[in-house]
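Examination of the molecular architecture
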Amino acid sequence: MAGGLLLEIRRGTQSALLVIREADPPSSPVDVSVAADRVEVKSGGSCEAATLPPEVRLAPSSCRGLRRFPGDGLHLRMCLSRPPPGADLVSTWRESLKPQKNYVFYCQSCGDIIVKDRKFLRVLPLPSENWSALVEEWCCHPNPFARSTLHPQYGDCFLGETFFLMNSGSESHVPEFPMCCSETGRHTSQSRSNLKSKENTRVVCKRCKTMLGETVSSDTIKYYVTEVIIQPSDGSFSPKPRSQFIQSMVAQCLVELSSAKSTFRFTLKGDNGKIFILIWLLNSDTLLVESSGSSSSHGVSTPFGDIFMPSSGPVGAWNAVKVLYQPCIKSRNKELADAWENDIGVHPLKFPSETCLELLLILGLSTTSLPPSLRHMNSFQVAFLKM
C-alpha cells in the first residue's frame, strides 16, 4: 500500500483499530475490502493489498465505524476471529541471571567485555527503593537497619528495579573509572571537590566511554540494565540495536512494576537526579502490525525506527506497550513534574541521563510516526515501546 497500514490490536479485548494511511488525498472513490488474512484497497484502476502475519486473523463481519480523517486516512474498528497468541516475551534480565552459572558482561553500546567469566553464588532481589522509610513507619523502635547497607559480597548479585549490584573484587576485567586520575587536577575548592566526587562515581566503558553505572562503595558497582548485556560464558555475543534494546528494557521495567506494585505512572530520572520524562503506562497487551508503505508516504520513520521493519516481507508484528508521556527537559511541564514527584502513587525510575535523552528521542520518533489524530491524548503525547 502506498500509504501503509497500521493495525493496533488489544489482546485483552480481542479488538483492533485499523488505519489505512493516505499517501495523497484520493482523487477517486476508495473501496476497502477486509478479509481474515488481508486488507485490500482499490482506488481508480489500482488495487493494493497487504497480507497480515499468520498470528493475526480478523473478523470482517465485525467491521464498524469507518471514518476518514484528513491527513490520517481511513479508520475502522473490528474484532478478531481468533485470539492472537500470547506475548512471546524474551526472558527478562532478572530471569536470565542464575546462581552457579558463569556469565560475561558486555557493553551494550560497543560490545566490549566488561566482566568476564563471573560466577554468582547468590542472585537476590533488593527491596524497594524506599524500604528504609517503610521500616521507620512500621517499627515502634529505632530503625535497626539505619546504619547498615545492602552491599553484595564476592559471589553475590543484588537485583534492583533498573540496576544490579555486584562486588568488584577479583574481576577478570574491570571497566574504567573516569576522572579518578590526574586529569581532574587537585581539589581547589569545596564546589570542585563535590563535582569531582560525583564524577568519580561514574563507571564508563574503556572503549566507547559510555556510562555503564556508578560506584556505590569501594568494592560495589551498580550497573544499569540499559547499558549492559549479560550472556552465559558458553554462549556467543549477539549485539542488539541500541534503540531496540532501550525500548525492550524500559518496557520490561514498566510492565514488571505495574504488575507488582499496581502503579502505572512513572518519573524517569537521570543519574543527576533530574526528571527527564513523565510516563503513564496505558496498556501492555498491544500487538502492533504495520506495513511501511512507500518511502514518501509518511515523511518519518516507523514507530520503532527502520531497524524494526522485518527483513522478509513488508508487514511486521511486534509486542508493544502503549504509553502516554510528557518531556520535562529545560523546565518543561515543571508544575506537573513537581506534582508527580510528590504523589505516592507515582513510582520513580533512575537511568543514566544520556539514556533518558535517548529514550525521549525514541518516544518522539514513535509519536511523529503515528497518524496525527493518534499522537495525543488529552495533554499527553502517545507512543509505543517494543517489548
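The shown structure was predicted, so the numbers you read here are calculated from the model rather than taken from an experiment. (Residues numbered from 1 in each chain as written. Predicted model: local features only at pLDDT ≥ 70, side-chain atom pairs only at ≥ 80, totals over all residues. Heavy atoms only, no water.)

With that settled, the discussion passes to the sheet that holds strand β14 (residues 211-217). One open sheet accounts for six strands, arranged β10-β11-β12-β15-β14-β13; its pairing is mixed. Pairing within the sheet leaves two strands with one partner each, and these edge strands are β10 (122-125) and β13 (202-204). Pairs of neighbouring strands in the sheet enclose a mean axial angle of 25°, with direction left out of account. Judged from the four bridges that link them, β10 and strand β11 (residues 156-159) form a sheet pairing that is parallel. (Pairing = 2+ DSSP bridges. Helix = DSSP H or I, 4+ residues; strand = E, 2+ residues; numbered from the N terminus. Axes fitted to C-alpha atoms, helices over the stretch in contact; angles between N-to-C directions.)

A large share of strand β22 (residues 380-386) lies buried, amounting to seven of its seven residues. Of the two faces of β22, both are covered, the one formed by Phe 380, Val 382, Phe 384 and Lys 386 as well as the one formed by Gln 381, Ala 383 and Leu 385. Sheet topology places strand β19 (residues 315-327) next to β22; six bridges connect them, and they run antiparallel. What sits directly across from Lys 322, in β22, is Phe 384. Here two bridges tie strand β21 (residues 376-377) to β22, and the two strands are oriented antiparallel to one another. Bridged to Met 377 within β22 is Phe 380. The loop that links β21 with its antiparallel partner β22 comprises two residues; one of these, Asn 378, has a positive phi angle of about 55°. (Buried < 20%, exposed > 50% of the residue type's maximum accessible area, 1.4 Å probe, protein only.)

What follows concerns helix α7 (residues 353-369). The end-to-end C-alpha distance of α7, which contains 17 residues, comes to 25 Å, matching closely the 24 Å that a straight helix rising 1.5 Å per residue would cover. Taken as a whole, α7 has its buried residues at Ser 353, Thr 355, Cys 356, Leu 359, Leu 360, Ile 362, Leu 363, Ser 366, Thr 367 and Ser 369. Turning to α7, the residues buried within the fold contact β2 (15-21), α4 (242-261), β17 (265-269), β18 (275-291), β19 and β22. (Expected span 1.5 Å × (residues − 1). Contact = heavy atoms within 4.5 Å.)

Of all eight residues making up strand β7 (residues 73-80), six are buried, and the element is well covered by its neighbours. As paired elements, β2 and β7 share seven bridges and run antiparallel to each other. Each residue of the ladder has a partner; that of Ile 20, found in β7, is Leu 74. Two elements, strand β6 (residues 58-69) and β7, share six bridges in a ladder whose sense is antiparallel. Paired with Phe 69 across the strands is Gly 73, a residue of β7. The turn linking β6 back onto β7 is made up of three residues, and Gly 71 within it adopts a positive phi angle of 90°.

A separate point is the packing of α4 against α7. Two measures define how a pair of helices packs: the angle their axes make with one another and the distance between the axes. As a packed pair, α4 and α7 sit with axes 10 Å apart at the nearest point and diverge in direction by 100°. Classed by the angle they form, the pair α4 and α7 counts as roughly perpendicular. For the pair α4 and α7, contact is made by Arg 242, Ser 243, Ile 246, Gln 247 and Val 250 and by Thr 355, Glu 358, Leu 359 and Ile 362, respectively. By residue class, the composition of the contact of α4 with α7 is four nonpolar, three polar and two charged. (Parallel < 35°, antiparallel > 145°, perpendicular 65-115°, else oblique. Nonpolar A, V, L, I, M, F, W, Y, C, P; charged D, E, K, R; others polar.)

Attention shifts here to unusual backbone geometry. Phi at Gln 100 is positive, roughly 65°, even though this residue is not glycine. Positive phi is not limited to glycine here, since Asn 333 has a value of about 55°. Considering the arrangement of structural elements, one finds Asn 333 in the loop between β19 and α6 (334-341). According to the relative accessible area criterion, Asn 333 is partly exposed, its value standing at 26%.

So, about the packing of aromatic side chains. Counted under the stated rule, the structure contains eight aromatic pairs. A network of ring pairs unites the aromatic residues Tyr 103, Phe 105, Phe 120, Phe 164 and Tyr 223 as a single cluster. Its guanidinium or amino end placed over the ring of Phe 163, Lys 222 lies 4.6 Å from that ring's centre, counting from NZ or CZ. (Phe/Tyr/Trp six-rings, centres within 6.5 Å; stacked < 30°, edge-to-face > 60°. Lys NZ or Arg CZ within 6 Å of the ring centre and 35° of its normal.)

Taken as a class, soluble globular proteins show a tendency for nonpolar side chains to be buried jointly. Grouped together as the largest cluster of nonpolar side chains are 50 residues, with contacts concentrated most on Phe 105, Phe 164 and Tyr 223. Tallying contributions element by element places α4 first for this core, with eight residues. Once residues lying within four places of it in the same chain are set aside, the contact partners of Phe 105 are Asp 112, Ile 113, Ile 114, Val 115, Phe 120, Phe 164, Met 166, Val 228, Ile 229 and Ile 230. Within the second largest apolar cluster, 20 residues are counted, among which are Leu 5, Leu 18, Leu 76 and Leu 287. (Core = buried A, V, L, I, M, F, W, Y, C linked by side-chain atoms within 4.5 Å.)

One can find Thr 220 in strand β15 (residues 220-224). The buried category is assigned to Thr 220, whose relative accessible area is 1%. At 3.1 Å, the side chain of Thr 220 and the side chain of Ser 217 are in polar contact. Here Thr 220 is in contact with His 151, Pro 152, Leu 165, Met 166, Ser 168, Glu 214 and Thr 215, once residues within four sequence places are set aside. (Polar contact = N/O pair within 3.5 Å; in protein donor to acceptor, adjacent residues only side chain to side chain.)

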